[in-house]
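So the chains spell out like this:
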Amino acid sequence: MTASATSADASTEVRLKRRLRRAERAHQVKALALVAPLLVFLLFTFAGPIAGMLWRAVDDREVRQVLPQTIAALAEWDGKELPDEKAYAALASDVQAARASGTIAIAAKRLNYALNGFRTILTSTSRNLKTAPEPGTAKETLSKINPAWRERATWTTIKDAGGPITGFYLLAALDLTRNVDGAIVAAPPDQAIYRSLFARTFVISLSVTALCLILGFPVAYLLATLPPGRSNLLMIFVLLPFWTSLLVRTCAWIVLLQSKGVVNDSLHWLGIIDEPLRLIYNRFGVCVAMTHVLLPFMILPLYSSMKAISPAYMRAAASLGAPPLTAFLRIYLPQTLPGVSAGSLLVFILALGYYITPTLVGGAADQMISYFIALYTTETANWGLASALGAVLLLATILLALVYGKLVQGQQVTGGMKN
Amino acid sequence: MSDNASLRTPSQRIAWTTTLVVSTLVFIFLIAPILAIMPLSFSSSSYLTYPLPGLSLRWYDDFINSPRWMNSLKNSVIIGVASTVLSMVLGTLAALGLAQWKSRFKPLVLAFVLSPVVVPGVITAVGLYFFFAPIGLTGSYLGLILAHTALATPFVVITVGATLQSFDTNLARAAASLGASPLQAFRRVILPLILPGLASGALFAFATSFDEVVIVLFMAGPEQRTLPREMFSGIRENISPTITAAAVILTTVSVILLATMEALRRRNERLKRGG
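Residues numbered from 1 in each chain as written. Chains lettered and ligands numbered in written order. Predicted model: local features only at pLDDT ≥ 70, side-chain atom pairs only at ≥ 80, totals over all residues. Heavy atoms only, no water.

### Structural notes on the overall build of chain A
Applied cut-off: Strands here mean DSSP runs of E at least two residues long; helices mean DSSP runs of H or I at least four residues long; both are numbered from the N terminus. Computation of the radius of gyration draws on C-alpha atoms, with the globule rule given as 2.2 Å multiplied by the number of residues to the power 0.38. Accessible area is worked out with a 1.4 Å probe on protein chains only. A residue is then buried under 20% of its type maximum, exposed over 50%, and partly exposed in between.
Within chain A, the regular secondary structure consists of 19 helices and 2 strands. The globule rule puts the C-alpha radius of gyration for 419 residues at 22 Å, and the 32 Å found for chain A is more than 25% above it. C-alpha extents for chain A along the principal axes are approximately 105 × 100 × 40 Å. Taken across its 419 residues, chain A has 47% of its residues classed as buried.

### What about the nonpolar core?
To be explicit about the condition: In these notes, a set of buried Ala, Val, Leu, Ile, Met, Phe, Trp, Tyr and Cys residues joined through side-chain atoms within 4.5 Å is what counts as a nonpolar core. In what follows, a contact means two residues having at least one pair of non-hydrogen atoms within 4.5 Å.
Membership of the largest hydrophobic core comes to 156 residues, with the highest contact counts inside it found for L223, M290, L294, I356 and L389 of chain A together with M231 of chain B. Considering each element in turn, this core owes the most residues, 14 residues, to helix 14 (residues 283–307) of chain A. Those residues in contact with L294 of chain A that sit more than four places away from it in its chain are V208, C212, V347, L350, A351 and Y354 of chain A. Core analysis: the next-biggest nonpolar cluster, separate from the first, contains 29 residues, V95, A108, L111 and W155 of chain A among them.

### Focus: empty space enclosed by the protein
All names here are of chain B. The criterion, for reference: Only protein atoms enter the 1 Å grid used here. Points where a 1.4 Å probe fits but cannot escape make up a cavity, open sets with protein on both sides within 12 Å along at least five of seven lines make up a pocket, and a residue lines them when an atom lies within 4 Å of a point. Grid points are joined across faces, edges and corners, and a volume is the space filled by probe spheres set on the points.
A complete count under the given rule lists 4 cavities of 30 Å³ or more for this structure. Taken as a whole, the second largest cavity holds about 80 Å³ of empty space. Of all elements in the fold, only helix 8 (182–211) and helix 11 (241–274) reach the threshold of two or more residues within the lining of the second largest cavity. When residues of the lining of the second largest cavity are assigned to their parent elements, the largest contribution, 4 residues, is made by helix 11.

### What about helix 6 (residues 141–165) of chain B?
What counts is decided by this rule: Here, expected helix span is obtained from the residue count minus one, scaled by 1.5 Å. Here the bend at a residue is taken as the angle between two axes, fitted respectively to the seven residues that end there and the seven that start there.
With 25 residues, helix 6 of chain B ought to run about 36 Å at 1.5 Å a step, and its terminal C-alpha atoms sit 35 Å apart, in line with that. Largest kink in helix 6 of chain B: about 35 degrees, centred on A152 of chain B, with the proline P154 of chain B one to four residues after it.

### Considering a nonpolar patch on the surface
Note the threshold: Candidate patch residues must exceed 30% relative accessible area and have no salt bridge, after which like charges are joined if within 9 Å and Val, Leu, Ile, Met, Phe, Trp or Tyr side chains if within 5 Å. Working definition of accessibility: Shrake-Rupley area with a 1.4 Å probe, residue cover restricted to the visible protein chains. Any carboxyl oxygen of Asp or Glu within 4 Å of a side-chain nitrogen of Lys or Arg constitutes a salt bridge here.
Taken together, the side chains of V77, V81, V85, V89 and L93 of chain B define a hydrophobic patch exposed on the protein surface, amounting to about 370 Å² of accessible area. One can find V77 of chain B in helix 3 (residues 67–100).

### Concerning the packing of helix 18 (residues 369–378) of chain A against helix 19 (residues 383–408) of chain A
Residues and elements named next belong to chain A. Applied cut-off: With axes taken as lines fitted to C-alpha atoms, and helix axes fitted only over the stretch in contact, angles between N-to-C directions fall between 0 and 180 degrees. Angular relationships are summarised with four words: roughly parallel below 35 degrees, roughly antiparallel beyond 145, roughly perpendicular across 65 to 115, and oblique for the angles in between. Take the far helix as your reference; a near helix turned counterclockwise from it by less than a right angle gives a left-handed crossing, and one turned clockwise gives a right-handed crossing. All residues other than Ala, Val, Leu, Ile, Met, Phe, Trp, Tyr, Cys, Pro, Asp, Glu, Lys and Arg, Gly among them, are scored as polar; the first ten of these are nonpolar and the last four charged.
Interhelical geometry of helix 18 versus helix 19 gives an angle of 155 degrees and a closest axis separation of 8 Å. One finds that helix 18 runs roughly antiparallel with respect to helix 19. Note that helix 18 runs across helix 19; the crossing there is left-handed. Along the contact surface, helix 18 presents I369, S370, F372, I373, Y376 and T377, while helix 19 presents W383, L385, A386, L389, G390 and L393. Here the contact of helix 18 with helix 19 is composed, by residue class, of 9 nonpolar, 3 polar and no charged.

### Describing the pattern of salt bridges
For the structure on display, the rule yields 9 salt bridges over all chains. Here D59 of chain A and R61 of chain A are joined by a salt bridge, their closest N and O atoms 2.9 Å apart. Take R61 of chain A: its relative accessible area is 37%, and that puts it in the partly exposed class. Through salt bridges with shared partners, a single network forms among R68, R225 and E230 of chain B.

### Comments concerning the interface of chain B and chain A
Quick reminder of the rule: Buried area, as used here, totals the accessible surface that two parts lose on assembly, with accessibility defined by a 1.4 Å probe and the loss added over both.
Between chain B and chain A, the residue contacts involve 91 residues of the former and 88 residues of the latter. Counting each side, the surface lost to burial between chain B and chain A is near 8000 Å², with a carbon and sulfur contribution of 81%. Remark: the boundary between chain B and chain A carries 1 salt bridge. We note a salt bridge from K102 of chain B to E24 of chain A, for which the minimum N-O separation is 3.3 Å. A per-element tally of the side of chain B that touches chain A places helix 1 (residues 10–40) of chain B first, with 17 residues. Residue composition of the side of chain B that touches chain A, by class: 66 nonpolar, 18 polar and 7 charged.

### Focus: a positive patch on the surface
Filter applied, for reference: Positive charges are assigned to Lys and Arg, negative charges to Asp and Glu, while His and the chain termini are left out of the count. Every charge is mapped onto a representative atom, which is NZ of Lys, CZ of Arg, CG of Asp or CD of Glu.
On the surface, R15, R18, R19, R21, R22 and R25 of chain A cluster together to form a positively charged patch. Within the secondary structure, R22 of chain A is located in helix 1 (residues 2–58).

### A short note on the environment of A33 of chain A
Residue and element names in this part refer to chain A. Turning to its location among the elements, A33 is positioned in helix 1. With a relative accessible area of 47%, A33 lands in the partly exposed category. Each C-alpha atom of the pair A33 and K307 lies 38 Å from the other, and the pair is 274 residues apart in sequence.

### Examining unusual backbone geometry
All names here are of chain A. Even without being a glycine, D175 presents a positive backbone phi close to 60 degrees. With a phi angle near 55 degrees, A381 is a residue other than glycine that sits in the positive phi range. Position of A381 relative to the elements: it lies in the loop between helix 18 and helix 19.

What follows is the structure in structure tokens.
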């Protein structure tokens, strides 16, 4: 009797547990179903497009589409000597077909990225190759039209650009290239501009971050120390610029800093200067305007980390005989470090990708990486290089964002981000 | 000042005075440019210099009578409102789901949902430009609304999520135990309580779209140019006082958004203290 009752209890318990688990699972599925629409949406409007951009950084099918027989003929070629007659004949046939369909310019553009002057080689060949060369004479005919066909580099360039994927753009974005033997070497000086571009982007971002930290620290300290009534009032000075349109703020700085602007006029009126100073369309203008735009992103995290520091620590330090400076350096400052690092990283990440402000207030020598990505996308249509530069910038951003994520873990992620 | 009562030593007083002076200078640095540009829009002259030769509303008149500027204002409002509505729906649902979902993948999903904020604008814009062009979504309102929604939704997820954190789930259970269907419980119990969070999310979303310019630069056709986009080309060509009038209008919108945000925050704080 007792035994059967216990077993009945046990089976009820098992059944209850199973039902509970099922209910819990249903609950989780429902929760995921609520998140799903956003995930699908972001796949279409964000992740997909960025994946597409990354794909373009290695995609290399233009030459393959225009010169298919040539690429096929070069597949077996070891690149040590000039290719055989078969490759020349394939090229002649491809060039004539491309000329008929008007696609020769596509291949010419891609090949010209890899070897300066290739556009001329291909167009002159296309123009002068009136009829298909007699069998066995393709090599001779082509070399007569353009002596470049007698050079190994011309052919390795075509083979390298044969796709379907390439490291060419990514290497170019790091000032590297492949030489005629396929080894990775430094790019020629006239093409090696990207390392210095990344360095410049880093230097500007670092300077802006340092300026924001120097200017933001005392302000955050003041806001965290004052009684709430007064600090709330002063907070307006930080939040109003934060909410004001980026374009308005950039425009305001141009109005203030231009040669007949408010600042120059005032300095002139005060008798400090005779000639207007050059304050804008240079590095100075970029740093001032970007610091203005990004300062709130520094002050807000600093403020929240300082707000969490109990004044009791400082009092305890004082009561134990620490002079104020020692107490500040050894008790207060270390506790602000999470805020300092979070704010600095946030400002640095945002500064790295800035486009609008440097474009409008910087000179030619102050343009950052984003400017070149935009330039190569819309003006010169060098999409491979634009995507490769974008990939490098994205990688840097993701790495820094991961560090930022680790830092703010546990801290409240407040709405302190607005691009 | 009462705070200075605790500052006994001269060095402490010097430190505090330095903080005050530096902070004041930084506050001036932050606010002066925004204030300086405003009076220029009321100038009667077309030179952007002080002192103002006289006051006039001619640049506002210019703005209102320019089809280009008015069209851009209209576009900004259309795209802003549409992407706000869309991001509110997607973001609120996701925030509700994330609040209940327990999984070790949750941080990963959250990072993905928030990533549009951190990824540089140019990268998103270039990606969208390549992705949307073949399917006819560049140069269209829909394309811009979708793109702005992607940028704005993280802010909705953050703000609504923060509100849900302080929400007492027992209230929803109580509603259920009293016989309310999940939908009824949401509409009559949860929704009124998280409404301030929803409102701040909407404000953030609208502000994000209203201020966005990089994606518009890449994707908008002449028909879809927004107010920041017109300002961008205006600044590039030559800053006319009409741009300062546009700047004042944009700033006014920001002030209204900020004031609403502050009011919501204060109401929330009052409720918290009262509760």
